[in-house]
Structures are given as structure tokens and as C-alpha cells.
Amino acid sequence: LFLDAPYSGSVELAKETISYLKKRKYKTVALYASVQFVNNLETVKEQLQKNNIKIITSHADRTQVKGQLLGCDNYHNSLNLGKDEEQNIDCYLYIGDGKFHPLALVYAQKDQKELKEIICNDPLIGKMSLMGVSDIKAILKKYKSSLMKFLNSNTVGALVTIKPGQEQFRPALALEKKFLDKKFYYFIDNAISFDQLENFNFIEVWINTACPRVGFDDQEKFVKGVINLNDAFMAEEMLSRESVMNSL
């Protein structure tokens, strides 16, 4: 049973956040928040409108309400923004504490030519911070290496969880039809046991089919490299296109 725990305090933009938006002359922001703050953004919206800043938001995948952001919404199409809306965005504005959720907005732009700035406003301490590709540079470099390794590997291990909402065993089976030259082994468990992976030394590279953040945040735990399931199907395309990741 999961219950929302909304923040009962005041949720507003810090003075430095407003000053920064003015300094950068941002006219349109994509506004998102974690579940604790998403239903209490009226003051934030009023502050933005007062400074003639337009708000764009959307109902992201797997979220309950419009404007909510999950850490697993880390792919470009996860936010479900329209093309026109996306083109008009000057920056992303995240309301919440911590780095886990806003990092999803950085990962979501890894396949784009340019990364739009992510401004984080923490209502708990009344401070602003910025987030960009420098925060995940080392991870993206390793991820690119894992993509290349996957394409050149013959024996691949697919990690499958039985957790509801994350289980993707049947989609993973489609790998065999696309990559006829590779041998796939499927490892099924409730949770990914990183300390057990080295027992299967015949695996050349891993494919993560569980939470997509595992494929990024836990790169260092995979000695032989790991990529996410949806990236496996597009590995060649990802490595050939001009993008933030390939510019590193």
C-alpha cells in the first residue's frame, strides 16, 4: 500500500531562483515536482506568472498527476511533451529536494544535440542549484562503452525482475528476434543481486530490464557493462546520431 505524503509547509521559489530566471531571460519553463510538492505549486505558478514566465508541464509516464516527476522518467519520451511544447521550452524547473528526481531530466536529454538547463529549487531550505551533463559525464561515457560492447558481444545476460510494474520478461524475449547472432540468457529474481553477477563469467555484457535508473546509476556495479532494454534495440542508432552523450 503506497500513500502520498504531501509537504505541509510553504512551497515557493527562492529569491535566487527568480533572479536567475530573469538573468537568463527565460520566458518559458517546463515545471515538474516530486510527489511531495506537486499538489502544492500554486505559489510557484503565481510567482512565475507575475514575472511573465510561461509554464509548460505534462503527465509523465507512470505518474499519478500532471507535473509529477519520477526518477524512472529518464527517457526523452517519458515526459509526454508535445513537439511544439518541447521546442518552446527554455529550461526545466524542478521543485523538490535531493538529486535523484531531477537527474532524470538530465538523462532524458542524453540523446539530444543540446541539453537544456535544469534549475532545481529546494523548498525545504529555500535554495537553488543547477544540474547538467557534468553531473553524469562519467556515467554517460561508461554507458556509451557498454553500448559498443553489447553490439560486439556474442553472449548477453538479461536481468529480469518479478516486481509488478517493472517485470519485462516478454519484451526482453524480442531481443532474440532482432539480434540473431547473439545468445541470450535470462536471469530472473525479485531484485538484482549485484554481488552474484560475477558468478556468471561467460556473460560478456548485461541488459537491465528493471528500473531504467539501474542501467545508469549502477554502472560501476557492473564490471562487464550494462545497458537498458529499450537502448539495446536502438544501440546502433544511438551511437551514430549526434547527441550530448556522443559529444563526450
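Source: prediction; values computed, not measured.

A. Representation of the overall build of the protein chain within the structure. When its secondary structure is counted, the protein chain shows ten helices and nine strands. Overall size of the protein chain, expressed as C-alpha extent along the three principal axes, is 60 × 45 × 30 Å. Among the 248 residues that make up the protein chain, the fraction classed as buried is 46%. Of the contacts formed within the protein chain by residues at least 6 apart in sequence, a portion of 73% connects residues at least 24 apart. Accessible surface, the protein chain as shown: approximately 13200 Å² in total, 49% of it carbon and sulfur. Considering the protein chain, the positive charge centre built from 32 side chains and the negative charge centre built from 31 side chains are found 4 Å apart.

B. Examining the side chain of arginine 213 more closely. As for its position among the elements, arginine 213 is in the loop between strand E8 (205-208) and helix H8 (214-217). Not counting residues up to four positions away in its chain, the partners in contact with arginine 213 are Gly71, Cys72, Asn74, Phe100, Leu103, Ala104, Tyr107 and Asp218.

C. Region of interest: the sheet that holds strand E6 (residues 155-161). Spatial strand order, E7-E6-E8-E9: four strands in an open sheet with parallel pairing. In this open sheet, the two edge strands, each paired with only one partner strand, are strand E7 (183-189) and strand E9 (226-228). Strand-to-strand, the axes of this sheet are offset by a mean angle of 25 degrees, without reference to chain direction. In this sheet, E9 lies alongside E8 in parallel orientation, the contact comprising three bridges. If you follow isoleucine 207 over to E9, its bridge partner there is isoleucine 227. Packing against the sheet, helix H5 (residues 137-151) makes contact with E6, E7, E8 and E9, and its axis sits at approximately 90 degrees to E9.

D. Helix H1 (residues 15-23), seen in detail. Within H1 the residues assigned to the buried category are Thr17, Ile18, Tyr20 and Leu21. Looking down the long axis of H1, one finds its buried residues gathered within 160 degrees of arc, a one-sided arrangement. Across H1 from its buried face, at more than 90 degrees, point the exposed residues Lys15, Lys22 and Lys23. Turning to H1, the residues buried within the fold contact strand E1 (28-33), helix H2 (42-50), strand E3 (91-95), strand E4 (118-122) and strand E5 (127-131). Lysine 25 sits one or two positions beyond H1 and adopts a positive phi of about 60 degrees.

E. Quick look at the nonpolar core. By size, the foremost hydrophobic cluster in this structure holds 37 residues, and its most contacted members are Leu79, Tyr92, Tyr143, Phe150 and Ile207. When contributions to this core are tallied by element, the ones reaching two or more residues are E1, E3, helix H4 (100-107), E4, H5, E8, helix H9 (229-233) and helix H10 (235-240). In this view, leucine 79 contacts Tyr32, Ser58, His59, Ala60, Leu69, Asp73, Tyr92 and Leu105; residues no more than four positions away in its chain are not counted. Counting residues in hydrophobic clusters, the runner-up holds 20 residues, among them Val29, Val44, Ile53 and Met128.

F. Quick look at the pairing of E1. For E1, a buried count of six out of six residues is recorded, marking the element as mostly surrounded by other parts of the structure. Alternating residues of E1 divide into Thr28, Ala30 and Tyr32 and Val29, Leu31 and Ala33, and every residue in both groups is buried. Following the backbone out of E1, through H2 and into the adjacent parallel strand E2 (residues 54-56), one traces a crossover that is right-handed. Note: E1 against E3, five bridges, orientation parallel.

G. Examining the sheet that holds E3 more closely. The sheet built from five strands is open, its strands ordered E2-E1-E3-E4-E5 with mixed pairing. The strands lining the two open edges of the sheet, one partner per strand, are E2 and E5. Along the sheet, successive strands turn relative to each other by an average axial angle of 30 degrees, direction set aside. Contacts between H1 and the sheet are confined to E1, E3, E4 and E5, with E5 contributing the most and set at about 45 degrees to the helix.

About the cut-offs
Residues numbered from 1 in each chain as written. Predicted model: local features only at pLDDT ≥ 70, side-chain atom pairs only at ≥ 80, totals over all residues. Heavy atoms only, no water. Helix = DSSP H or I, 4+ residues; strand = E, 2+ residues; numbered from the N terminus. Buried < 20%, exposed > 50% of the residue type's maximum accessible area, 1.4 Å probe, protein only. Contact = heavy atoms within 4.5 Å. Areas by Shrake-Rupley, 256 points an atom, 1.4 Å probe, with all protein chains shown as cover. Lys, Arg positive; Asp, Glu negative; His and termini not counted. Charge placed at Lys NZ, Arg CZ, Asp CG, Glu CD. Pairing = 2+ DSSP bridges. Axes fitted to C-alpha atoms, helices over the stretch in contact; angles between N-to-C directions. Arc of directions from axis to C-beta. Core = buried A, V, L, I, M, F, W, Y, C linked by side-chain atoms within 4.5 Å. Right-handed = clockwise from strand over helix to strand, strands pointing away.

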